[in-house]
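Examining the three-dimensional arrangement
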Amino acid sequence: MENLLDKHISSSPSAKVMVLFGGSPYRRDQVIRNLRTIENLSIIGALSEEDGVDLLKNLPQVDIVLIGGRYDAHQRQRIKTHLDRNLPAVELTQPGLEYPYEDDLIYQKIKALVEQ
């Protein structure tokens, strides 16, 4: 069942691609369900730092990265270092650090990044 909850792919070929670094399959699913109504957004979720970095390395396009609340400062820094070195144009958002970890605020932030 958990594998069914890991992504939302937009039907738009011009959709922005977001990698979601999550820690819980159920919370990841909640976030994806909350964001799936944003047009032109494809979301692919990972449940570990390693899986997320593998996605960053292997996806042909990544526009947005969201780091969830379960990641500690060292994990966040490693992810940010990877982005700085390999994907400097990617927009990074960190609910819980940059703004409160609330579904509505996450939605607003991601929608604004998609519309940029």
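Preceding this paragraph is the structure being described.
The structure reproduced in this document is the subject of the present report. Each chain has its residues counted from 1, following the order in which its sequence is written. Totals for whole chains, interfaces and linings use all residues, but because this is a predicted model, local features are given only for residues with pLDDT of at least 70 and pairs of side-chain atoms are given and counted only at 80 or more. As a rule here, side-chain values come from all non-hydrogen atoms in the structure, and water together with hydrogens is ignored.

**Digging into the pairing of strand β3 (residues 41-46)**
The buried count for β3 comes to six of six residues, which makes it a mostly enclosed element. Exposure categories follow from relative accessible area, calculated using a 1.4 Å probe and restricted to protein chains: below 20% of the type maximum is buried, above 50% is exposed, and the middle band is partly exposed. Secondary structure follows DSSP: runs of H or I at least 4 residues long count as helices, runs of E at least 2 residues long count as strands, and numbering of each begins at the N terminus. The two faces of β3 match: Leu41, Ile43 and Gly45 on one face and Ser42, Ile44 and Ala46 on the other face are all buried. Any two strands are treated as partners once DSSP identifies two or more bridges connecting them. As paired elements, strand β1 (residues 7-8) and β3 share two bridges and run antiparallel to each other. Counterpart to histidine 8 in the pairing with β3 is isoleucine 43. In this structure, strand β2 (residues 16-21) lies alongside β3, joined through six bridges in parallel fashion. Its bridge partner lying in β3, methionine 18 is registered against isoleucine 43.

**Points about the pairing of strand β4 (residues 64-67)**
A two-sided burial pattern is seen for β4, the buried positions comprising Ile64 and Leu66 on one face and Val65 and Ile67 on the other. One ladder, built from four bridges, connects β2 with β4; its direction is parallel. Across the sheet, methionine 18 pairs through a bridge with isoleucine 64, a residue of β4. Across three bridges, the pairing between β4 and strand β5 (residues 91-93) is parallel. In the sheet register, isoleucine 64 faces β5, and the bridge partner there is glutamate 91. Handedness of the crossover joining β4 and β5 through helix α3 (residues 73-86): right-handed. If the strands point away from the viewer and the path from the first strand over the helix to the second runs clockwise, then the crossover is right-handed.

**What about the packing of aromatic side chains?**
Whether two aromatic rings pair depends on their centres lying within 6.5 Å, for rings of Phe, Tyr and Trp, where Trp uses its six-membered ring; planes under 30 degrees apart make the pair stacked, over 60 edge-to-face, and the rest tilted. This model, assessed by the stated rule, comprises one aromatic pair. Each ring, one from phenylalanine 21 and one from tyrosine 71, has its centre 5.9 Å from the other, and the planes form 85°; the classification is edge-to-face. Residue phenylalanine 21 is found in strand β2, and its partner tyrosine 71 is found in the loop between β4 and α3; the two are separated by 50 residues along the sequence.

**Topic: unusual backbone geometry**
Both trends apply: most residues other than glycine have a negative phi, and most peptide bonds are in trans. Despite not being glycine, asparagine 40 shows a phi value in the positive range, around 60°. Along the chain, asparagine 40 falls in the loop between α1 (25-35) and β3. Owing to a relative accessible area of 35%, asparagine 40 belongs among the partly exposed residues under this scheme.

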